[in-house]
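If you want the building blocks of each chain, they are given just below.
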Amino acid sequence: MSRREQIVLLMVLAAACALPFFVSNYRIFQFTLVLVYSIVLLGLNMLTGYNGQISLGHGAFYAIGAYVAAILMDKYGVPYWATIPVAGVVCLVAGFLFGLPALRLEGLYLALATFALGVSLPQLLKYKGIEHWTGGVQGIVIAKPDPPFGLPLSQDQWLYFFVLAVAIVMFVLGWNLLRGRVGRAMVAIRDNHIAAEAMGINNAMVKSLTFGVSAMYTGVAGALGAVAIQFVAPDSFNIFLSITFLVGIVIGGLASISGALYGALFIQFVPNISDEISKAAPWAIFGVFLIGFMYLMPMGVAGTIRLGLARLARRAQNSRPRV
Amino acid sequence: MDAFLHQVLAGLATGGIYASVALALVMIYQATHLVNFAQGELAMFCTYISWSLINAGMPYWAAFFITVAFAFVLGVVIERVIIRPVENAPVLSVVVVFIGLLVILNSVAGWIYTYTIKTFPSPFPEQPLFGNRYLSSHEIGAIGVTLVVLLLLYAFFRFTPLGLAMRAAAQNPESSRLVGIRVGWMLALGWGLAAAIGSIAGMMVAPVVFLDPNMMSGILLYAFAAALVGGIDNPAGAVFGGFLVGVLENVLGAFVIGNDLKLSVALALIIGVLVVRPSGFFGRVHVTRV
Amino acid sequence: MALLEAAGLHAAYGQTRVLHGIDFSMEEGTITTLLGANGAGKTTTLRALCGMVRTQGEMRFGGQRIDGRATEDIVRLGIAHVPDGRGTFALLSTEENLRLGAYTRKDREAVESDLERVYGYFPRLRERRSQQAGTLSGGEQQMLAVSRALMLRPKLMLLDEPSFGLAPLIVKELFGILRTVNEKERVSMLVVEQNAAMALDLADHAYLIETGRIVLSGTADDIKHDDAVRRSYLGY
């Protein structure tokens, strides 16, 4: 990472740490959700942006993570912070298991299969047979955690910092993964899977693992989200959630880590802005935003920034006097 | 046995609707290699237009044909104005535009017409035809309309020069330009036809499920699944897929699962088919040469 | 007035410039060949004439400017392009391919008689008229591509490496038919070729292009009989 990139990153982190002391509790809550969504979008981006496997069903993994956390806290009294890794592992396994048969499906067919996953899970969650665990249609309510060690923070502030810490860990892990051999293998499979196989990459293993890791990220985020919202219910995890995640990574920028943050900001705040512009048909305004963003920035925010910086660099190079 | 036969036949009736929408999806896919997720909302919106016309006193069939014409024009306009600017963008970016379109159509329909359910008339008589016990007149009529539409489409593509040009433009745009075909307008035409077919499907299904802005979302999902099962690049396959999915959904819902989980189970079965035959029943198996 | 003229023609794919200001012209009723090695810019020249590449400079057909115009419009002026790779509509039948060649024409009866004439030149196509075009052999697809172009009743035909991948006997047969078409129907032709020997036998005039520039021009006879030129530029 270049010097300039390091400085920008430090500035962003500093701003993120300072934020909770300058805004209202509700805003802190909204930004906590932005962090949660950015973890989801990083996970989904690994799968779709870097590895080329589309998923219209990541809402299901988010739901699984959320319910794991809720059930552990509600039925077994597990402390909130311990539920996060459990949710991650459960979703890692679930994602891997889903990724295995999905190996045979490409493009549209994979889209349908993941779409089916996204549509069915809320229905399954409402199923009477497991109502004892899941709380059925009403869902489960969980308690908001208090800051530990009697720290002088509000609950919302503490939760924000907790999520921020997890997010930083997840982002660092992700950055390392994508930079290394596995990341390169993922991209190779996306760009030319026949050549990748011929080069000795085990396509099946990499693709299934990517599914698993992507689901793990989403599950961790789901658990964090459940703790932040203090409530899980089947209807909060419907197909629109999955579609929103997909919209998020495209708007943010595929195959980019910073794109996860831009996308998260978009999906958290633009619906609110749309609502303010028109109470009568807010989703119509949201749709206009979607189309507008795609016209102006078809490569997503991160992609457009990258192109812009490259163009500036080229212009600077051209204007330098030739020796 | 009696009840089973009834479910199968009713499944064929809904299957006809799925087949129509699946056909519209395949048509746009063949021309653009994209699935138009907004197809269902377009159909729903046009059905509302028809409802407005009928409510204003227009006779049913007049409203029907005017709506079909309107749908055609709307499809052409949407392609030229909204889709054309992003036609060279990455696939997923175009998908997001489709999602935007879907959301706009749904929201505007809800805003203009509200979310309360409305009844939509059927042009077919109340009493069952030929006194049969299995299918209502509307169900038979819907199947009939579907078949007529499919036949007309087939004849158009197979026997007219314009249909030939559209097929050519979808398969090989570069060569098409070399023989003078205006490929952009062929695309717009495809959208227009798909929208028209969708509007017919909407008007056939509205009497049964009642008209509301979310009427088509379940149908779109089944139509998408049907198109894939039949082979996404095969129009005949889409029709077959539609009828298959319709029967499957009805039989499962009535005898196996019950209405709550039938969506999940139907989808699971469809995915099962796709895992075994990844190109669908009649799709072209793509052999990639290394 | 020359049928086809280009002056100061530049062409680029994105940032990569391929043609660096070439000039050439063709008279009506003649066959001209454009020779050169791989990557010299021959295909790009044909694509530039059809509006398929970004260009700078002037191009005129029958006195009219055609630079900057869309491919579909240039076709309607009477230019038929037989692209490299043949551009067959693989999933359509042979006859459907041929009928598409006449897509822009309004004279129905003349189209039918042209179809018969084309089958006369290439009887094998008539045998395979209902067969899927993608299943035809390489030679048959080339005949199909040429026939499709003829169905336009073009004033000018652009052919991109028509001998590519074909056995010499078939090339001879094909070039013989091209000669006949040129003489009987006054169809002018611009033929891009790597196979210099056969092309010089067919053509009246020749240009040689090297890395995007014209380095040689003259009558085909002169170039064929100039040993020095042949050896240094054409390698035989």
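This one's a predicted model, so the numbers in the text were calculated from it and none came from an experiment.

Chemist: Could you give an account of the sheet that holds strand β10 (residues 213-219) of chain C, with specific residues and numbers?
Modeler: Residue and element names in this part refer to chain C. Reading across from one edge, β6-β7-β8-β3-β9-β10 is the order of the six strands in this open sheet, with mixed pairing throughout. Edge strands, defined here as strands with exactly one partner in the open sheet, are β6 (79-82) and β10. Here the strands of the sheet are splayed against their neighbours by 15° on average, with no regard to which way each runs. Pairing between strand β9 (residues 205-210) and β10: six bridges, direction antiparallel. Each bridged residue has a counterpart across the sheet, and for Tyr207 the counterpart in β10 is Ser217. Here helix α1 (residues 42-49) sits on the sheet and contacts β3 (31-35), β6, β7 (156-160), β8 (188-193) and β9; the angle it forms with β7, its principal contact strand, is near 145°.

Chemist: Describe the sheet that holds strand β4 (residues 54-61) of chain C, with residues and values.
Modeler: All names here are of chain C. Strand order in the open sheet made by the four strands is β2-β1-β4-β5, with antiparallel pairing throughout. Sheet topology places β2 (16-26) and β5 (64-65) at the edges, where each strand pairs with a single neighbour. Note: strand β1 (residues 4-13) against β2, eight bridges, orientation antiparallel. Residue pairing for β2: His10 is matched across the bridge by His20. Each of β1, β2 and β4 is contacted by α1, which is oriented at about 70° to β2, the strand it contacts most.

Chemist: Give me the interface of chain B and chain A: which residues, what numbers.
Modeler: Contacts between the two partners involve 36 residues from chain B and, on the opposite side, 30 residues from chain A. Counting residues per element, the ones that place at least two in the side of chain B that touches chain A are α4 (91-113), α9 (217-230) and α11 (262-276) of chain B. Class assignment of the residues belonging to the side of chain B that touches chain A gives a composition of 29 nonpolar, six polar and one charged.

Chemist: Could you give an account of the domain arrangement of chain C, naming the residues involved and the relevant values?
Modeler: Quoted interface sizes are often the accessible area lost when the parts come together. Residues and elements named next belong to chain C. Under the domain assignment, chain C is made up of domain 1 (1-78 + 154-236) and domain 2 (86-153). Placing the centre of domain 1 and that of domain 2 at their C-alpha centroids yields a distance of 23 Å. Every contact between the two is made by eleven residues of domain 1 and, on the other side, eleven residues of domain 2. When contributions to the side of domain 1 that touches domain 2 are tallied by element, the ones reaching two or more residues are α2 (71-76) and α7 (168-185). Looking at the side of domain 1 that touches domain 2 element by element, the count peaks at four residues for α7. Looking at side-chain class alone, the side of domain 1 that touches domain 2 contains nine nonpolar, one polar and one charged residues.

The rules behind the values
- Residues numbered from 1 in each chain as written.
- Chains lettered and ligands numbered in written order.
- Predicted model: local features only at pLDDT ≥ 70, side-chain atom pairs only at ≥ 80, totals over all residues.
- Pairing = 2+ DSSP bridges.
- Helix = DSSP H or I, 4+ residues; strand = E, 2+ residues; numbered from the N terminus.
- Axes fitted to C-alpha atoms, helices over the stretch in contact; angles between N-to-C directions.
- Contact = placed C-beta atoms within 7 Å.
- Nonpolar A, V, L, I, M, F, W, Y, C, P; charged D, E, K, R; others polar.
- Domains from an automatic or database assignment.

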